[in-house]
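# Residue-level structural notes
So you can see what is in the structure, the chains are spelled out below.
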Amino acid sequence: MAIVCTAEATRAAEQRWFDAHPGRDLMDVAAHAVARKAQELLLGGVVDEVVPDWAASQCVLVLVGGGNNGGDGLFAAAALAQRGWRVELAQVMGQPHEAGMAAALDAGCIRVSLGEVTRHSYDLAIDAVLGIGGRPGIPQSLERIDTWLRDRRIPVLAVDLPSGLDANSGEVESCVHAAHTITFSSLKWCHIAHPAARYCGELEVHDIGLDLVDDDGESLDGVDEYCDLTEMASLWPVPGALDDKYSRGVVGIDTGSERFPGAAVLGVLGALRTGPGMVRFSGPSAIMAFILSRAPSVVIGEGRVQAWVIGSGWGAHDGNADRFIQRASEGVPMVIDADALTLLPAELPNGCLLTPHAGELARMLRVERGQVDDDPRGWAVRAAQRFGATVLLKGSIQWVARPDGVVRAALPGPAWTAQAGSGDVLAGMCGTLMAAGLAADDAALCAAGMQAATAMSMPGPYAPDQIAELLPGTVTTVLSR
Ligand SMILES: NC(=O)C1=CN([C@@H]2O[C@H](COP(=O)(O)OP(=O)(O)OC[C@H]3O[C@@H](n4cnc5c(N)ncnc54)[C@H](O)[C@@H]3O)[C@@H](O)[C@H]2O)[C@@H](O)CC1
């Protein structure tokens, strides 16, 4: 279980800590973690209490901002100078944290102007300009230094997050390019959501002792769980020595129409590349030959399945409601996508998964699309409770909400997957995982996360069927981590 937090939740947790520990401070703990990480990077991975003499020949640049992030940087600078490193401080914006600057100067750090920075040479730069209090974007002066550091391949260690990122989203205006980021207590959205995540480099979370729960043990608002690669690997169904195609799971696909045969192909490809025992296609007979030409291992026609995928590419047809009811009557879990989402019968089989995007969810709930866009997590939870099924709300952050109120996020991916057909592939993937026995929420988290991880590994204009072709490679990589 991985945790991701908003800036507001972090501040609330910090306030709770201060209330419980009057007169004590957290900056010292954070700064020492930064200094220790810097030392590890400077000494090539070794963290030893005895710093070698040659460390004195290394120079660290600390870029300082006017808030507490700058304070972290200044106290870290002091700790590094005390241990023998030459440390230069460049104030990028605001007034320096007073006690932090005094400690750094006392320890022998040297102040340099922004103009001087590019005339010197450094082994490591620490970005302590903006943290969770930063508004998106950095001034041109910092952009210039960032470019200079990259040109000279001087690694940057960001404190909490690379300056310029918005802690709560994946959005990027301009920001520092970090090779490493050390953050405190838990990851923030910018560390995992794209494109911001690409600027964070290697991530380390340092526990500074904050509690992310309230007095009743409930998570603070803005603290969420997301399914990371480790959890995906532990959930992903791997066939055992005695498995056969039926025990691995047969996924039934009843999608597509003469008008939209491609949706059926994409669902079939998503299902096949996720590792089912068998994919059975029971959609319109007019498109069966087309399906077979793209996926010869698919079994055509009716028969037993452990999960159905329905709705993608159905289009508007009078027979859709009957088609839905026929599949629902079989009593196996269903992935209900696209055109089937507005035809939900009063009762669904246990363990179903609804896979709307924001527009579809708004139509299902008869609310404005903007309301869903403003609070996707909240509306996913409401929809799951209202329809009595798990909801995977597609979008930049993909929320998976269960009818019992539990909600988690899937590993986010780049926006390259925001294209027609991605949802069809995703529905097929979910179907295979549910046919293999995963609960609807775990299936949704694994499928959405694996599709995201695949797009992340090859960011570019890959069509949904190409992403589907790349899935097995991603699964192999994730499982062998
Ligand atoms: N909240 C916590 O739990 C802890 C926070 N700590 C540190 O404190 C940081 C947060 O400190 P602050 O709240 O002081 O926030 P920051 O240090 O991130 O920045 C706030 C200051 O920068 C200015 N500013 C923000 N965006 C700007 C922009 N784009 N251009 C110019 N000026 C801008 C603000 O007006 C404000 O003066 C964390 O990121 C972390 O490094 C740690 O010391 C330990 C614990």
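The rules behind the values
- Residues numbered from 1 in each chain as written.
- Predicted model: local features only at pLDDT ≥ 70, side-chain atom pairs only at ≥ 80, totals over all residues.
- Heavy atoms only, no water.
- UniProt positions renumbered as here; feature names shortened; annotations may be inferred.
- 1 Å grid on protein atoms, 1.4 Å probe; cavity = no way out; pocket = protein on both sides within 12 Å on 5 of 7 lines; lining within 4 Å.
- Points joined across faces, edges and corners; volume = space filled by probe spheres on them.
- Helix = DSSP H or I, 4+ residues; strand = E, 2+ residues; numbered from the N terminus.
- Nonpolar A, V, L, I, M, F, W, Y, C, P; charged D, E, K, R; others polar.
- Core = buried A, V, L, I, M, F, W, Y, C linked by side-chain atoms within 4.5 Å.
- Buried < 20%, exposed > 50% of the residue type's maximum accessible area, 1.4 Å probe, protein only.
- Domains from an automatic or database assignment.
- Contact = heavy atoms within 4.5 Å.
- Expected span 1.5 Å × (residues − 1).
- Bend = angle between axes of the 7 residues up to and from the residue.
- Phe/Tyr/Trp six-rings, centres within 6.5 Å; stacked < 30°, edge-to-face > 60°.
- Pairing = 2+ DSSP bridges.
- Axes fitted to C-alpha atoms, helices over the stretch in contact; angles between N-to-C directions.
- Near = heavy atom within 4 Å.
- Polar contact = N/O pair within 3.5 Å; in protein donor to acceptor, adjacent residues only side chain to side chain.
- Areas by Shrake-Rupley, 256 points an atom, 1.4 Å probe, with all protein chains shown as cover.
- Sits in = over half its atoms within 2 Å of the grid points.
- Buried area = accessible area lost by both parts, 1.4 Å probe.
- Salt bridge = Lys/Arg side-chain N within 4 Å of Asp/Glu carboxyl O.

If you look the protein up in an unreviewed UniProt entry, it shows as ADP-dependent (S)-NAD(P)H-hydrate dehydratase from Cutibacterium porci. What the UniProt record of the protein gives under Subunit (unreviewed entry) is the line "Homotetramer."

Considering only enclosed or pocket space, the second largest pocket measures out at about 470 Å³ in volume. Lining the second largest pocket we find 24 residues, and of these Glu-14, Asn-68, Asn-69, Asp-72 and Ile-132 sit closest to its centre. Elements with a contribution of two residues or more to the lining of the second largest pocket: helix H1 (7–20), helix H2 (27–42) and helix H3 (68–82). Class assignment for the residues of the lining of the second largest pocket results in ten nonpolar, eight polar and six charged.

The biggest cluster of nonpolar side chains holds 90 residues, and the ones touching the most others in it are Val-268, Phe-281, Phe-324, Met-334, Ile-336 and Leu-361. No other element matches the nine residues that helix H17 (residues 440–457) contributes to this core. Counting residues domain by domain, this core receives three or more from each of domain 1 (2–226) and domain 2 (230–479). What Val-268 contacts, discounting residues up to four positions off in sequence, is Ile-253, Val-279, Phe-281, Ile-291, Ala-295 and Val-298. Grouped together as the second largest cluster of nonpolar side chains are 44 residues, Ala-78, Leu-124, Leu-157 and Leu-212 included.

What follows is about the UniProt feature "domain: YjeF N-terminal" (unreviewed entry) in the protein. Annotation from UniProt places "domain: YjeF N-terminal" (unreviewed entry) at residues 10–216. Between the first and last C-alpha atoms of residues 10–216 the distance is 18 Å; the span itself is 34% helix and 17% strand.

Side chains that are three or four residues apart share a direction in an α-helix, a result of its 3.6 residues per turn. For helix H18 (residues 464–479), spanning 16 residues, the distance from its first C-alpha to its last is 22 Å, which sits close to the expected 22 Å at 1.5 Å a residue. Helix geometry: H18 is bent most strongly at Leu-470, by close to 35°, with proline Pro-472 lying one to four residues after it. Within H18, the full set of buried residues consists of Pro-464, Ile-467, Ala-468, Leu-471, Thr-474, Val-475 and Val-478. Contacts from the buried residues of H18 go to helix H8 (229–235), helix H10 (261–272), helix H16 (422–435) and H17.

Bringing the packing of aromatic side chains into the picture now. For any pair of aromatic rings, the description consists of the separation of the ring centres together with the inter-plane angle of the planes. The full count for this structure, using the stated rule, is three aromatic pairs. Look at Trp-17 and Phe-18: their rings are 5.7 Å apart centre to centre, the planes differ by 80°, and that puts the pair in the edge-to-face class. Judged by its relative accessible area of 24%, Phe-18 falls in the partly exposed class. Measuring from centroid to centroid gives 5.7 Å for Trp-189 and Trp-399, while their planes differ by 70°, and the two rings are edge-to-face.

Read across the open sheet, the twelve strands follow the order S8-S1-S10-S19-S18-S17-S16-S15-S14-S11-S12-S13; overall the sheet is mixed. Bordering the open sheet on either side are strand S8 (187–188) and strand S13 (299–300), each of which pairs with just one other strand. Where strand S11 (residues 250–254) lies against strand S14 (residues 307–310), four bridges are found, and the strand directions are parallel. Looking at the pairing, Asp-254 lines up with Ile-310 of S14. Helix-sheet contacts for helix H15 (residues 376–387) involve strand S10 (223–227), strand S16 (353–354), strand S17 (390–393), strand S18 (399–401) and strand S19 (407–410), and the interaxial angle to S18 is about 30°.

So, about the site of the ligand. Surrounding the ligand, one finds 21 residues, the nearest of these being Asn-68, Asp-72, Gly-131, Arg-135 and Asp-160. Measuring from an oxygen atom of the ligand, one finds a side-chain N or O atom of Asn-69 at 2.8 Å. Within the side chain of Asp-160, an N or O atom sits 2.6 Å from an oxygen atom of the ligand. When the ligand is considered free in solution it has 880 Å² of accessible area, and contact with the protein chains removes 80% of it. The site holding the ligand turns out to be the second largest pocket.

In this section: the sheet that holds strand S3 (residues 86–91). A sheet is described by the order of its strands in space; here seven strands give the open sequence S4-S3-S2-S5-S6-S7-S9, paired in parallel fashion. On the outer flanks of this sheet lie strand S4 (110–111) and strand S9 (202–206), each paired with one strand and no other. Strands in contact with H2 are strand S2 (59–64), strand S5 (124–128), strand S6 (156–159), strand S7 (180–184) and S9; relative to S7, the strand with the most contacts, it is inclined by about 155°.

Attention now goes to the pairing of S19. Across three bridges, the pairing between S10 and S19 is parallel. Looking at S19, one finds that Cys-227 is bridged to Ala-410. Strand direction decides the pairing type here: S18 and S19, joined by three bridges, are antiparallel. Note on S19: the bridge partner recorded for Ala-401 is Val-407.

This paragraph deals with the side chain of Ser-422. The residue Ser-422 is located in helix H16 in this model. With residues up to four places along the chain from it excluded, the contact list for Ser-422 reads Thr-417, Gln-451 and Pro-464.

Segmentation of the protein into domains returns domain 1 (2–226) and domain 2 (230–479). Centre-to-centre separation of domain 1 and domain 2, based on C-alpha positions: 40 Å. Taken over both partners, the interface formed by domain 1 and domain 2 buries close to 870 Å², and the fraction arising from carbon and sulfur atoms is 62%. Inspection of the region where domain 1 meets domain 2 yields one salt bridge. Between Arg-377 and Asp-224 there is a salt bridge, and its shortest N-O distance comes to 2.9 Å. Our enumeration of links across domain 1 and domain 2 arrives at two residue pairs in polar contact (both at pLDDT 80 or more). Sorting the residues of the side of domain 1 that touches domain 2 by element identifies helix H7 (189–192) and S10 as the ones contributing at least two each. In the side of domain 1 that touches domain 2, the residues fall into four nonpolar, one polar and three charged.

Mapped onto the secondary structure, Val-268 falls in helix H10. Residues Val-268 and Gly-428, spaced 160 residues apart in sequence, show a C-alpha to C-alpha distance of 6.0 Å.

With twelve residues, helix H6 (residues 140–151) extends 16 Å from end C-alpha to end C-alpha; this agrees with the ideal 16 Å at 1.5 Å per step. Following H6 by one or two positions, Arg-153 adopts a phi angle in the positive range, close to 55°.

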